[in-house]
Amino acid sequence: MRTLLIAASLLSAIISPAVGQGAGGGGRRPGIPSRSRVSTPDLTANTMVFLSGKVITNDGSALTESVPIQTVCKGQKRTETHTDSHGSFSFQFGSRFGASADGDFDAESPVRNSIGGRPERRDLHDCELQASLAGFTSDSIPMEGRFSGFESADVGRIVLHRLANVEGLTISATSAEAPKEARKALEKGREQLQKGKWDDAQKSLEKAVTLFPKFAVAWFELGRVQLQKSDLASARRSFQKSLAADQKYVNPYHGLTQIAQHEQHWQELIEFSEKLLALNPVSFPDGWFSNALGNFCLQNFAAAEKSARRGLEVDSEHRVIQLEYLMGVILLKRSDYDGAAQHLRIFMSHATRPTDIAEAQKQLDETARLSAAARLASGEGR
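Everything quoted here is computed from the prediction, not taken from an experiment.

Novice: Now, about the packing of helix α4 (residues 216-228) against helix α5 (residues 232-245): what can you tell me, with residues and values included?
Specialist: At a minimum axis distance of 8 Å, the contact between α4 and α5 shows a crossing angle of 165°. It follows from the interaxial angle that α4 and α5 lie roughly antiparallel. In this structure, α4 crosses over α5, and the sense of that crossing is left-handed. For the pair formed by α4 and α5, the contact residues are A216, W219, F220, L222, G223, R224, Q226 and L227 on the first element and L232, S234, A235, S238, F239, K241, S242 and A245 on the second. Residue composition of the contact of α4 with α5, grouped by class: nine nonpolar, five polar and two charged.

Put into structure tokens, the structure is as follows:
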């Protein structure tokens, strides 16, 4: 039972927001922000450019989500800005914190670019530009050799390609039906949400769904605000209304999963995560974690192991490192001591919080004790 409680205690460190990894899985998830910023390499060239462009989908479907724009430099990703309602983006490559042209906050940083401040120099060498939206893969635009110094440049279009094995999407078809005033209210609410103006954002989003009750994206964004304000009952209703408007819109399932996880309603957690993963099994490694955790806490250890292994397969970037910890304690329960130790060590090599490392060390010590006891018992048996 102690391992059950320890696994549940790691919930607070799992997800940060970014709906659509995520996603990844990019995009912003509801509620608690999804992943921590990855620092870029210490590059010192004098190149600094102001980049702009547009994100489109390969099938022409409209983007109803604000899409994160990322630089990938020497394998390390950094979110620079997000697209506007038309898919356009702009940012200064070289500043410490990415921001759009109108000075909006970077959704992954509460710090605004300081006007007139000295920018951090970053090198274009081994850097690419891409978009990130759950359910899609992105073209990458190489940046090396395209720019020579201080300049402005339009990089053109970044194309998102729909994944063939993903049925659910982080964009909703109902947005195209929304009247102009409802779309304006949604955009205003999103801007207020990014700036942390939760009460104002809630009013704008409530206006959007009043003007167009089938506005799935607006209902979801309203649920995000209510989740941020710890109004879980209202958030649940908003996510359910979003699903009623568009059952293939995956973001509300992610929101409902977060609520069930927070409340430790394990059977609900299993059910909502299963629905999320049925629609998109590749962009939400935290969904696999949730499913594995729900099964683990209900002592369905075989199902928990299966989900944890699937999560580790899709989480190649270790965005949900708690999967390694959970796999370790699952294997410990199943008396696979060597496997448990391997995953616990991987978790400890990536974990940053001392309390998490300490708990993992306790589990590793317990694994070693049980493994030694098992070897001793086996020797006595002979």
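There is more to say after this.
Novice: Describe in detail helix α6 (residues 251-263), supporting the description with residues and values.
Specialist: In a regular helix each residue adds 1.5 Å, so 13 residues correspond to 18 Å; α6 covers 19 Å between its end C-alpha atoms and thus fits that length. In terms of burial, α6 is a largely internal element, 11 of the 13 residues being buried. Within α6 the residues assigned to the buried category are N251, P252, Y253, H254, G255, L256, T257, Q258, I259, A260 and Q261. In the stretch just after α6, Q264 is the one whose phi turns positive, near 55°.

Novice: Now, about the pattern of salt bridges: what can you tell me, with residues and values included?
Specialist: Throughout the structure, instances matching the rule amount to 11 salt bridges. Linking D356 and R353 is a salt bridge whose minimum nitrogen-to-oxygen distance equals 3.1 Å. E366 is the salt-bridge partner of R369, the closest N and O atoms lying 2.8 Å from each other. Pair noted here: R369 and E366 are both in helix α12 (residues 354-381), with a separation of three residues, about one helical turn. The partly exposed category is assigned to R369, whose relative accessible area is 48%. For E366, a relative accessible area of 28% gives the class partly exposed. Here the residues in one salt-bridge network are R190, E221 and R224, joined through shared partners.

Novice: Report on the sheet that holds strand β7 (residues 127-131), specifying residues and quantitative values.
Specialist: Pairing in this open sheet of four strands is antiparallel, and the strands run β5-β4-β7-β9 from one edge to the other. In this open sheet, the two edge strands, each paired with only one partner strand, are β5 (76-82) and β9 (140-142). Strand-to-strand twist across the sheet, computed as the mean angle between neighbouring axes with direction ignored, equals 25°. Sheet analysis places β7 next to β9, joined by three bridges and oriented antiparallel. Across the sheet, Q130 pairs through a bridge with S140, a residue of β9.

Novice: Just give me the short version of the pairing of β5, but keep the residues and values in it.
Specialist: Counting buried positions along β5 yields five of seven residues, so the element is predominantly enclosed. Taken together, the six bridges between strand β4 (residues 68-73) and β5 define a ladder with antiparallel strand orientation. Opposite T71, over in β5, you have R78 as the bridge partner. In this antiparallel pair of consecutive strands, β4 and β5, the connection spans two residues, and K74 shows a positive phi of 55°.

Novice: An account of helix α7 (residues 266-279) is needed here, citing residue identities and associated values.
Specialist: Over its 14 residues, α7 runs 20 Å from end to end, which matches the ideal 20 Å to within 8%, given 1.5 Å per residue. Of all the positions in α7, only W266, L269, I270, F272, S273, L276, L277 and L279 are classed as buried.

The rules behind these values
Residues numbered from 1 in each chain as written. Predicted model: local features only at pLDDT ≥ 70, side-chain atom pairs only at ≥ 80, totals over all residues. Heavy atoms only, no water. Axes fitted to C-alpha atoms, helices over the stretch in contact; angles between N-to-C directions. Helix = DSSP H or I, 4+ residues; strand = E, 2+ residues; numbered from the N terminus. Parallel < 35°, antiparallel > 145°, perpendicular 65-115°, else oblique. Left-handed = near helix turned anticlockwise from the far one by under 90°. Contact = heavy atoms within 4.5 Å. Nonpolar A, V, L, I, M, F, W, Y, C, P; charged D, E, K, R; others polar. Expected span 1.5 Å × (residues − 1). Buried < 20%, exposed > 50% of the residue type's maximum accessible area, 1.4 Å probe, protein only. Salt bridge = Lys/Arg side-chain N within 4 Å of Asp/Glu carboxyl O. Pairing = 2+ DSSP bridges.

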